[in-house]
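Each chain is listed here by its residues.
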Amino acid sequence: MTAAFAALRHARLALALVAFSLAAGARADDAAPPQPAATPSGQKAGTGGRGDAATPPAAAEQHRLPPDSTTKQTLALPGRTLDFTATAGSIRLFNDKGEPQADIAYTAYQLDGAEPHNRPVTFVFNGGPGASSAWLQFGNVGPWRLPINAEAVTSSAAPDLMPNAETWLDFTDLVFIDPVGTGYSRFVATGEDVRKRFFSIDGDVNSIAVTIRRWLEKFDRLLSPKFVAGESYGGIRGPKIVRELQTEQGIGVKGLILISPVLDFREYSGSSLLQYVASLPTMAAVAREKKGSVTRADMADVEHYARGDFLGDLVKGPADTEATTRLADRVAALTGIDQAVSRRLDGRFEISEFRREFDRRNGKVTGRYDASVSGFDPYPDSSFHHFGDPSGDPLTAPLTSAAVDVTTRKLNWRPDGSYQLLDGGVSKAWDFGRGLNPAESISQLRQILALDPKLKLLVAHGLFDLATPYFGSKILLDQLPAYASPERVKLVVYPGGHMFYSRDPSRQAFRAEAEALMK
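About the thresholds
- Residues numbered from 1 in each chain as written.
- Predicted model: local features only at pLDDT ≥ 70, side-chain atom pairs only at ≥ 80, totals over all residues.
- Heavy atoms only, no water.
- Core = buried A, V, L, I, M, F, W, Y, C linked by side-chain atoms within 4.5 Å.
- Buried < 20%, exposed > 50% of the residue type's maximum accessible area, 1.4 Å probe, protein only.
- Contact = heavy atoms within 4.5 Å.
- Helix = DSSP H or I, 4+ residues; strand = E, 2+ residues; numbered from the N terminus.
- Axes fitted to C-alpha atoms, helices over the stretch in contact; angles between N-to-C directions.
- Parallel < 35°, antiparallel > 145°, perpendicular 65-115°, else oblique.
- Left-handed = near helix turned anticlockwise from the far one by under 90°.
- Phe/Tyr/Trp six-rings, centres within 6.5 Å; stacked < 30°, edge-to-face > 60°.
- Lys NZ or Arg CZ within 6 Å of the ring centre and 35° of its normal.
- Expected span 1.5 Å × (residues − 1).
- Salt bridge = Lys/Arg side-chain N within 4 Å of Asp/Glu carboxyl O.
- Lys, Arg positive; Asp, Glu negative; His and termini not counted.
- Nonpolar A, V, L, I, M, F, W, Y, C, P; charged D, E, K, R; others polar.
- pLDDT = per-residue confidence, 0-100.
- Pairing = 2+ DSSP bridges.
- Right-handed = clockwise from strand over helix to strand, strands pointing away.

Undergrad: Got a sec to walk through the nonpolar core? Specific residues and values, please.
TA: Ranked by size, the top nonpolar core spans 89 residues in total, and within it Trp-215, Phe-310 and Leu-477 carry the most contacts. Look past the residues within four positions of Leu-477 in its chain and what remains in contact with it is Leu-263, Leu-445, Leu-457, Val-459, Val-489 and Leu-491. Grouped together as the second largest cluster of nonpolar side chains are 51 residues, Leu-75, Phe-84, Trp-135 and Leu-169 included.

Here is the structure:
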């Protein structure tokens, strides 16, 4: 996924300073003159462009997605009926030479009868890299919803969609964007150069920002209040896209919503001690949830310990045997994992180690997206990790089928080729950069909040999410300057995992927060 972090190990080792020689040639814009890509502070963008050889028109047309399809829809919900216009289509992106590069597929829902210039519009995408927007569209905010509660869904579950009582369409129009390589979005240019540009941090951000601007122009919505919502790797994309919109595309954004985001890959990798601090409250929450329902308020003692005595003992390191033993025993008590195992690991559980050790006695592993969900370890006696994610893998088949069914049958848009829910090839090809700084978006968060004092940020997490633990975001958000006041920046944590919205109460509560932000 949704988030989806299929390449997290790769991302840990990658660095986020993208090669700046791509700056001029990497522009996906077909209207604005070539401009340098956004660069980190203190760095200069290259001025030389590097374009692909022109794609012959016949070759570009061969790969073109079909014309947009617009249909009228009616949604009967408890206490109300929504009449809306649905458009499934694509926006073609060009480089600075006017050569076609890619077709970006989108699905838009606009409420009928609303004044478009006053009506909010929200642009929604998932992460990966390589994930389509299906999780958020069919699991959370779209007009139709597929039950995706990981405790109940299996791969063979029928992809039966239902009217979504928690759709955001009541208070905002919705545009779901699938970055190139996901959904039905595709390249129309040949050659490796175009793939390298789009499968990079800055190239990806530019392509989505241009798509947003082009959609607003196409549907005469430039005057509408605009919001951006991203999930998982969308935590890297989102702030950077808002920054690009503000400074390069001439588009102001009123609010940013980040769902189960990763904001800084440095805290999930290598020797960083904060990776253990960030994940400990989630691990403890999983253990407590086995004994009864738990909320974030119930984790106050663990959060206090994690950023206090736990961090202090971590810093002392294994050289201090007394501190290490104390730490390991406390972690064992909080997680329920065997004390001997915790001592062997010095109380430092990586995510995969916790997932296997938590219920090893029963031959089960926990989910990564939702650690409160468990499944059988296919190789319980192996010394290596050979298990998938019981909280995420079963969703692939029903979500894919539902997305294809809605697009082709209900919305009457029939592209050729396969729908890519989560393309592992994209994540493997992704260029996280080769500079001194790992991928992070906290820098852009600071910039966009400082530039626009009216911009608001809502960050939402699931309590049992080990892919992007909520406490990691809490630590980072606490470092923002005073202008990022509680009235502007809000963190909410709900029972559930990476896709916490699969649980009815969490989805309902999150909808209320989003509506309040947009009002």
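Undergrad: Residue-level account of the environment of Met-499, with values.
TA: Structurally, the position occupied by Met-499 is in the loop between strand S14 (489-494) and helix H16 (504-518). Among the residues examined, Met-499 registers a relative accessible area of 7% and is labelled buried. Sequence separation between Met-499 and Asn-149 is 350 residues, and the spatial gap between their C-alpha atoms is 8.6 Å.

Undergrad: Run through the packing of helix H8 (residues 300-316) against helix H9 (residues 321-335), naming residues and quoting values.
TA: Each packed pair of helices is defined by two parameters, the angle between the axes and the distance between the axes. Running from amino to carboxyl end, H8 crosses H9 at an angle of 150 degrees, the nearest separation of the two axes being 8 Å. Between H8 and H9, the crossing angle belongs to the class labelled roughly antiparallel. Between H8 and H9 the crossing geometry is left-handed. The residues of H9 that touch H8, namely those facing Val-302, Tyr-305, Phe-310, Asp-313, Leu-314 and Lys-316, are Ala-323, Arg-326, Leu-327, Arg-330, Val-331 and Leu-334.

Undergrad: Explain the packing of aromatic side chains residue by residue, including any values.
TA: The geometry of an aromatic ring pair is captured by the separation of the ring centres together with the interplanar angle, meaning the angle of the planes. Enumeration according to the criterion identifies 24 aromatic pairs in this entry. Note on Phe-187 and Phe-198: the rings are 5.6 Å apart at their centroids and 90 degrees apart in plane angle, and the pair reads as edge-to-face. Of this pair, Phe-187 sits in strand S8 (residues 186-187) while Phe-198 is found in helix H4 (residues 192-198), placing the two residues eleven residues apart along the sequence. Among the aromatic residues, those joined into a ring-pair cluster are Phe-187, Phe-198, Phe-199, Tyr-233, Phe-265, Trp-430 and Phe-432. In this arrangement the basic side chain of Arg-330 is found over the ring face of Tyr-305, its NZ or CZ atom lying 4.2 Å from the centre.

Undergrad: Before we move on, can you summarise helix H5 (residues 201-218) with the specific residues and values?
TA: Compared with an ideal rise of 1.5 Å per residue, which puts 18 residues at 26 Å, H5 spans 26 Å between its outermost C-alpha atoms and is within 8% of the ideal. Judged by how many residues are buried, H5 sits mostly within the fold: 15 of 18 residues are covered. In the segment just after H5, Asp-220 is the residue with positive phi, at about 55 degrees.

Undergrad: Can you lay out the side chain of Glu-303 for me, pointing to particular residues and giving the numbers?
TA: Positionally, Glu-303 belongs in helix H8. By relative accessible area, which is 10% here, Glu-303 ends up buried. Contacts of Glu-303, omitting those with residues within four sequence positions, involve Pro-281, Arg-296, Tyr-470 and Phe-471.

Undergrad: Help me get a handle on the pattern of salt bridges, residues and values and all.
TA: Using the criterion set out here, one finds 27 salt bridges in the structure. Close ionic contact of Lys-218 with Asp-68 constitutes a salt bridge, the shortest N to O distance being 2.5 Å. Taken as a pair, Lys-218 in helix H5 and Asp-68 in the loop between helix H2 (57-62) and strand S1 (69-77) lie far apart in primary sequence, 150 residues in all. Lys-218 gets classed as partly exposed once you look at its relative accessible area, which sits at 44%. Asp-478 is the partner of Lys-474 in a salt bridge, and the nearest nitrogen-oxygen pair spans 3.2 Å. Shared partners join several salt bridges into a network, and the residues in it are Arg-80, Asp-170, Arg-511, Glu-515 and Lys-519.

Undergrad: Tell me about the side chain of Glu-289, and please be specific about residues and values.
TA: By secondary structure assignment, the location of Glu-289 is in helix H7 (residues 274-289). In this structure Glu-289 is buried but unpaired, with Lys-290 as the nearest side chain of opposite charge at 4.5 Å.

Undergrad: Outline the packing of H8 against helix H15 (residues 470-477), supporting the account with residue identities and numerical values.
TA: In contact at an axis separation of 12 Å, H8 and H15 are set at 60 degrees when each is read in the N-to-C sense. It follows from the interaxial angle that H8 and H15 lie oblique. Seen from above, H8 lies across H15 with right-handed handedness. Residue-level contacts link Glu-303, Ala-306 and Arg-307 of H8 to Tyr-470, Phe-471 and Lys-474 of H15. Its residues placed into classes, the contact of H8 with H15 shows three nonpolar, no polar and three charged.

Undergrad: Summarise the environment of Gly-183; cite the residues concerned and give the values.
TA: Take Gly-183: it is sitting in the loop between strand S7 (173-178) and S8. Along the chain, Gly-183 and Ala-105 lie 78 residues apart, while their C-alpha atoms are 7.3 Å from each other. Leave out the neighbours within four places in its chain, and Gly-183 touches Ser-132, Asp-178, Ser-418, Tyr-419 and Gln-420.

Undergrad: Summarise the confidence of the model for the chain; cite the residues concerned and give the values.
TA: Regions with low pLDDT carry predicted coordinates that are not meant to be interpreted in detail. With 85% of its residues at a pLDDT of at least 70, the chain reaches an overall mean of 86. pLDDT under 50 marks residues 2-55. Its contacts with residues more than four places away, or in other chains, come to 151 contacts.

Undergrad: Go over the pairing of strand S9 (residues 226-231), please, and point to the residues and values.
TA: Most of S9 sits out of view: six of its six residues are buried. Where burial is concerned, the two faces of S9 agree: the one with Lys-226, Val-228 and Gly-230 and the one with Phe-227, Ala-229 and Glu-231 are both buried. Relative to S9, strand S4 (residues 121-125) runs parallel, the two sharing five bridges. Bridge pairing in S9 places Thr-122 opposite Phe-227. Relative to strand S10 (residues 255-259), S9 runs parallel, the two sharing five bridges. Each residue of the ladder has a partner; that of Phe-227, found in S10, is Gly-255. Note on the crossover from S9 through helix H6 (residues 234-249) to S10: the handedness is right-handed.

Undergrad: Got a sec to walk through the pairing of strand S13 (residues 456-462)? Specific residues and values, please.
TA: With respect to burial, S13 is a largely interior element, six of its seven residues being buried. Here five bridges tie S10 to S13, and the two strands are oriented parallel to one another. Bridged to Leu-258 within S13 is Val-459. When S13 meets S14, the two strands line up parallel, connected through six bridges. The residue bridging Gly-462 from the neighbouring strand is Tyr-494, located in S14. In this view, the connection linking S13 to its parallel neighbour S14 by way of H15 has right-handed handedness.

Undergrad: Can you break down the environment of Ala-102 residue by residue, with the values?
TA: Note that Ala-102 resides in strand S3 (residues 100-111). Among the residues examined, Ala-102 registers a relative accessible area of 0% and is labelled buried. In this structure the C-alpha to C-alpha distance between Ala-102 and Arg-92, which are ten residues apart in sequence, comes to 5.8 Å. Look past the residues within four positions of Ala-102 in its chain and what remains in contact with it is Ile-91, Arg-92, Leu-93, Val-180, Arg-186, Phe-187, Val-188 and Phe-198.

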